Amino acid sequence: MATLKELATRCNVSKMTVIRTIDSLGLRGEHVVKKGERGMLDIDDYAASLIADTLMKRAEPQPAKAEEAQPAAAVDAAPRESETAEVYRSWIEDSRRAYEERIEGLKEQLVAKDAQIAQLTSLLEAQNASIEKERDEAREASAALRDALMRANSATETLGRIKSATLRQRLFGFKGLLPSGE
């Protein structure tokens, strides 16, 4: 991605000339987008290449019909083609470097994210183990409470039978009042 200023500098034209070329080629929207608060133009590699090519062709002097037949015109075109090729080479190299830097940055982010995922996974496994242990302890406590409640209900029932016993039963024994086996 290039900016308007970079492209104008490389092609040795004004920023306004680059803007007119963008508009004449119909590149706004898909290949040239505004970014930031100030509305700076962000130009993708395809558009930059097309704009540079167009501007370099416009900069070439148009030979007259008589000059086209002369071999000297071919000699003059060679330096222009060399300049155009150099602009493309420079542009391609800059783009390649920018992409390599971006790829390296993304790789670093990926390594950091992998480390975070591993850390979060271990924390999650530890929490799950802790929750499972707490569930087991809660089940054991619930079973102990259930047993204690059953014993308390049985004792309450026996006490109620003793309280409701007649005087004779109290004097001569509690046969039949107590549950069997007690």
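Residues numbered from 1 in each chain as written. Predicted model: local features only at pLDDT ≥ 70, side-chain atom pairs only at ≥ 80, totals over all residues. Heavy atoms only, no water.

## With respect to the overall build of the protein chain
The helix and strand inventory of the protein chain stands at six helices and three strands. For the protein chain, the sequential pattern of α-helices and β-strands runs β-α-α-β-β-α-α-α-α. Classification of the 182 residues of the protein chain by burial places 17% in the buried group. Of the contacts formed within the protein chain by residues at least 6 apart in sequence, a portion of 50% connects residues at least 24 apart. Accessible area for the protein chain stands at about 14,100 Å²; split by element, carbon and sulfur atoms hold 57% of it. (Helix = DSSP H or I, 4+ residues; strand = E, 2+ residues; numbered from the N terminus. Buried < 20%, exposed > 50% of the residue type's maximum accessible area, 1.4 Å probe, protein only. Contact = heavy atoms within 4.5 Å. Areas by Shrake-Rupley, 256 points an atom, 1.4 Å probe, with all protein chains shown as cover.)

## Thoughts on the sheet that holds strand 1 (residues 2-3)
In space, the three strands of this open sheet follow the order 1-3-2, with antiparallel pairing throughout. Where the open sheet ends on each side, the last strands, each with one partner, are strand 1 and strand 2 (32-35). When strand 1 meets strand 3 (residues 40-43), the two strands line up antiparallel, connected through two bridges. Paired with Ala2 across the bridge in strand 3 is Ile43. (Pairing = 2+ DSSP bridges.)

## Some remarks on the nonpolar core
Counting 19 residues, the largest nonpolar core has Leu7, Val18, Ile22, Val32, Ile43 and Ile51 as the members making the most contacts within it. Those elements that provide at least two residues to this core are helix 1 (4-11), helix 2 (15-25), strand 3, helix 3 (45-59) and helix 5 (71-163). Per-element tally for this core: the top contributor is helix 3, with six residues. Residue contacts for Val18: discarding those within four places in its chain leaves Leu4, Leu7, Ala8, Val13, Ile51 and Leu55. (Core = buried A, V, L, I, M, F, W, Y, C linked by side-chain atoms within 4.5 Å.)

## Some thoughts on the packing of helix 1 against helix 2
Between helix 1 and helix 2, whose axes approach to 8 Å, the crossing angle comes to 105°. Between helix 1 and helix 2, the angle is such that the two are roughly perpendicular. Contacts between helix 1 and helix 2 involve Leu4, Lys5, Leu7 and Ala8 on the former and, on the latter, Lys15, Val18, Ile19 and Ile22. The residue inventory of the contact of helix 1 with helix 2, partitioned by class, reads six nonpolar, no polar and two charged. (Axes fitted to C-alpha atoms, helices over the stretch in contact; angles between N-to-C directions. Parallel < 35°, antiparallel > 145°, perpendicular 65-115°, else oblique. Nonpolar A, V, L, I, M, F, W, Y, C, P; charged D, E, K, R; others polar.)

## Quick look at the environment of Thr21
For Thr21, the position within the fold is in helix 2. Among the residues examined, Thr21 registers a relative accessible area of 0% and is labelled buried. Separated by 29 residues in the primary sequence, Thr21 and Leu50 place their C-alpha atoms 9.6 Å from one another. Apart from residues no more than four positions distant in its own chain, Thr21 is found in contact with Ile51, Thr54, Leu55 and Arg58.

## Considerations on the confidence of the model for the protein chain
Summary statistics for the protein chain give a mean pLDDT of 81 and a share of 81% for residues scoring 70 or more. No element of the protein chain has a lower mean pLDDT than helix 4 (residues 65-68), which averages 49, and none a higher one than helix 5, which averages 88. (pLDDT = per-residue confidence, 0-100.)

## Let's talk about the environment of Met40
Along the chain, Met40 turns up in strand 3. Once the C-alpha coordinates of Met40 and Leu4 are considered, the two residues, 36 residues apart in sequence, prove to be 7.7 Å apart. In this structure Met40 touches Thr3, Val33, Lys34 and Lys35, once residues within four positions along its chain are discounted.

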